[in-house]
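Next come the chains, spelled out residue by residue.
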Amino acid sequence: MKLSLDAVEREVSRLWEEEVSRSQAVRVELLTFVALVSEASLFERAQATVAAVARAHPCRTIVVKWAPGVERVITADVSLHRTPSGAACGDALVVEASGEAREWLPENISRLALPDLPMCIWWVGDLPDYDRLFDRMLSDSDLLLVNSGEMDLRDLEKLSTILLKSRGRCALSDLTWVRVRPWLELVARFFDDEDARRYLPSLERITIEFCPRDGSADVASPQAALLLGWLAQAASLRKEAADWSRGDGWAQVILGRVAARFQRRAREGVVPGAVLRVAIE
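Everything quoted here is computed from the prediction, not taken from an experiment. (Residues numbered from 1 in each chain as written. Predicted model: local features only at pLDDT ≥ 70, side-chain atom pairs only at ≥ 80, totals over all residues. Heavy atoms only, no water.)

Student: How should I be thinking about a nonpolar patch on the surface in this particular structure?
Tutor: A contiguous nonpolar patch, built from Val26, Val28 and Leu30 and spanning about 280 Å² of accessible area, is present on the exposed surface. Among the structural elements, Val26 can be located in the loop between helix H1 (8-23) and strand E1 (32-37). (Patch = residues over 30% accessible without salt bridge, like charges linked within 9 Å, V, L, I, M, F, W, Y side chains within 5 Å. Areas by Shrake-Rupley, 256 points an atom, 1.4 Å probe, with all protein chains shown as cover. Salt bridge = Lys/Arg side-chain N within 4 Å of Asp/Glu carboxyl O. Helix = DSSP H or I, 4+ residues; strand = E, 2+ residues; numbered from the N terminus.)

Here's what the structure looks like:
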């Protein structure tokens, strides 16, 4: 049932009152988790993800979507998240804006957020080149979540700009960076050995194999690019005059004394974009 925004809190209270009278439930919520769904095809996945988050960390979730239209209106649907045992574990709000009402979303989302608790913003999908909604929501959030694995490679530079803009205001977390961290730990652990560390100044070649994404013409996946960026920083490689070359299924960049190659290799059952192999010679 679609409600006007001024009826949302009354409906949430009613649902919790029924829950308490039925099962003596205790309402505990730790944060507001807002998912801004930039593409209609990502809506169901966003719904499933925020529900899983609420089961692990009781919270109010607000999944926001928008569509073109002549009528300017914002409506909401209200329900409760539930654990596998059926216990309520948070408020589940779906907010939909039509037409120019999309411009009204930031102040209305802030009004729906739980007071005096952190607000986490997740931009679902590719980052926009310029979007006032994104910029205004960023200024109100305590944590911004993105997934660079769903972006074009050039958007990594955009993420760096966002990080600089948000410094001191909110934290930035990239789900793809979290996924690449085991690779960083394994590589770093190799050089914990003093004998191995002596070879680092004579590094000549880095090869990173990755599973390509369908339809992507990028020289590397964001996960592979993040891994090379970390390696280049850790090994103090010269990055100012990178010299690129490209062939069938591979791309290579010369960073000072080191040749770094990205190699595409499809593998069944592997998430597209994931790193498959790292070789340091």
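Student: Got a minute to help me understand the environment of Arg82 in this structure?
Tutor: Inspection of the secondary structure puts Arg82 in strand E3 (residues 73-82). Linking Arg82 and Val34, residues 48 residues apart in sequence, is a C-alpha distance of 18 Å. Apart from residues lying up to four places away in sequence, Arg82 is in contact with Glu19, Arg22, Arg55, Ala87, Ala88 and Cys89. Of the polar contacts made by the side chain of Arg82, one reaches the side chain of Glu19; its length is 2.8 Å. Within the structure, Arg82 has its side chain in polar contact with the backbone oxygen of Gly86 (distance 2.9 Å). (Contact = heavy atoms within 4.5 Å. Polar contact = N/O pair within 3.5 Å; in protein donor to acceptor, adjacent residues only side chain to side chain.)

Student: Help me understand the sheet that holds strand E7 (residues 171-174) in this model?
Tutor: Strand pairing in a sheet takes place through backbone hydrogen bonds and is either antiparallel or parallel in direction. Within the open sheet, the seven strands sit side by side as E3-E4-E2-E1-E5-E6-E7. Their pairing is mixed. Looking along the sheet, the strands with just one partner apiece sit at the ends: E3 and E7. Ignoring strand direction, the axes of neighbouring strands in this sheet form an average angle of 20°. In terms of strand pairing, strand E6 (residues 143-146) meets E7 through four bridges, oriented parallel. Paired with Leu143 across the strands is Ala171, a residue of E7. Across the face of the sheet, helix H3 (residues 105-112) comes into contact with E1, strand E2 (60-67), E3 and strand E4 (88-98) while running at roughly 160° to E2. (Pairing = 2+ DSSP bridges. Axes fitted to C-alpha atoms, helices over the stretch in contact; angles between N-to-C directions.)

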